[in-house]
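Each chain, letter by letter, is given below.
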Amino acid sequence: MLGAEGGINPVIPHTAEIILGLISFLLLLFVISKFVSPRFEALYAERTAKIEGGIEKAERAQAEAQKLLAQYKEQLAEARAEAARIRDDARAEGQQIIDELREQAQAEAARIVAQGQHQLDAQRAQIVAELRADLGRTAVQLASKVVGESLEDEARRRGTVDRFLNELDAVAAPASK
């Protein structure tokens, strides 16, 4: 501690300071190890537990999310299958309705054609009757002129006309066959 010149060396401390520093250091080390270090360890353990709990919680949440995602995908697949089934049912029902309407339209068309045919037959019969009457009158008039006698008698005239028309029908019938 004494220097080469006989004085005190300012770089080297006194023995009392070294002992006092050592006692203060040991006292501080004791306080830190007795009070501060356990508190830090407890905080560290608590934080570790929170982090590990958070990780576990996140893993559970992720597992739950995966489960919900699987359920969602399953429900979506079921909904798509249901939509496809409904679409197919609607198409089949639409086709059935179209077929029914087509059958009804064909039945209605057949009814209208039959009704038209019936009306045509009725009109033809009416026209044939009118033509027979006209033909009969014309034939009587012509026959009266040719014969020179009056065929005014109704019964006679009718018999003559009917006989004439029957002969015409007989002649026309073999020709049409």
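For the structure, see preceding data.
These numbers were taken from a predicted model, which means no experiment stands behind them.

Procedures and definitions
- Residues numbered from 1 in each chain as written.
- Predicted model: local features only at pLDDT ≥ 70, side-chain atom pairs only at ≥ 80, totals over all residues.
- Heavy atoms only, no water.
- Helix = DSSP H or I, 4+ residues; strand = E, 2+ residues; numbered from the N terminus.
- Areas by Shrake-Rupley, 256 points an atom, 1.4 Å probe, with all protein chains shown as cover.
- Salt bridge = Lys/Arg side-chain N within 4 Å of Asp/Glu carboxyl O.
- Buried < 20%, exposed > 50% of the residue type's maximum accessible area, 1.4 Å probe, protein only.
- Patch = residues over 30% accessible without salt bridge, like charges linked within 9 Å, V, L, I, M, F, W, Y side chains within 5 Å.

Student: I tried to follow the overall build of the protein on my own but got confused; where do I start?
Tutor: The secondary structure content of the protein amounts to 2 helices and 0 strands. Just so you have it, the protein exposes about 15,400 Å², and 62% of that area is on carbon and sulfur atoms.

Student: Just to check I follow, could you spell out the pattern of salt bridges for this structure?
Tutor: For side chains bearing opposite charge, pairing can occur when the charged atoms are close. Considering all chains together, one arrives at 7 salt bridges under this definition. We note a salt bridge from Asp-89 to Arg-85, for which the minimum N-O separation is 2.8 Å. Taken together, the residues span about one helical turn, with Asp-89 and Arg-85 both in helix α1 (residues 15-147) at a distance of 4 residues. Owing to a relative accessible area of 41%, Arg-85 belongs among the partly exposed residues under this scheme. The salt bridge partner of Asp-99 is Arg-102, with a shortest N-O separation of 3.7 Å. With Asp-99 and Arg-102 both in helix α1, this residue pair falls 3 residues apart, about one helical turn. Residue class for Arg-102 comes out partly exposed when judged on its relative accessible area of 47%.

Student: Got a minute to help me understand a nonpolar patch on the surface in this structure?
Tutor: Taken together, Leu-27, Leu-28, Phe-30, Val-31, Ile-32, Phe-35, Val-36, Phe-40 and Leu-43 make up a surface patch of nonpolar side chains, about 870 Å² in accessible area. Summarising the element assignment, Leu-43 is placed in helix α1. Residue classification places Leu-43 among the partly exposed residues on the basis of a relative accessible area of 44%.

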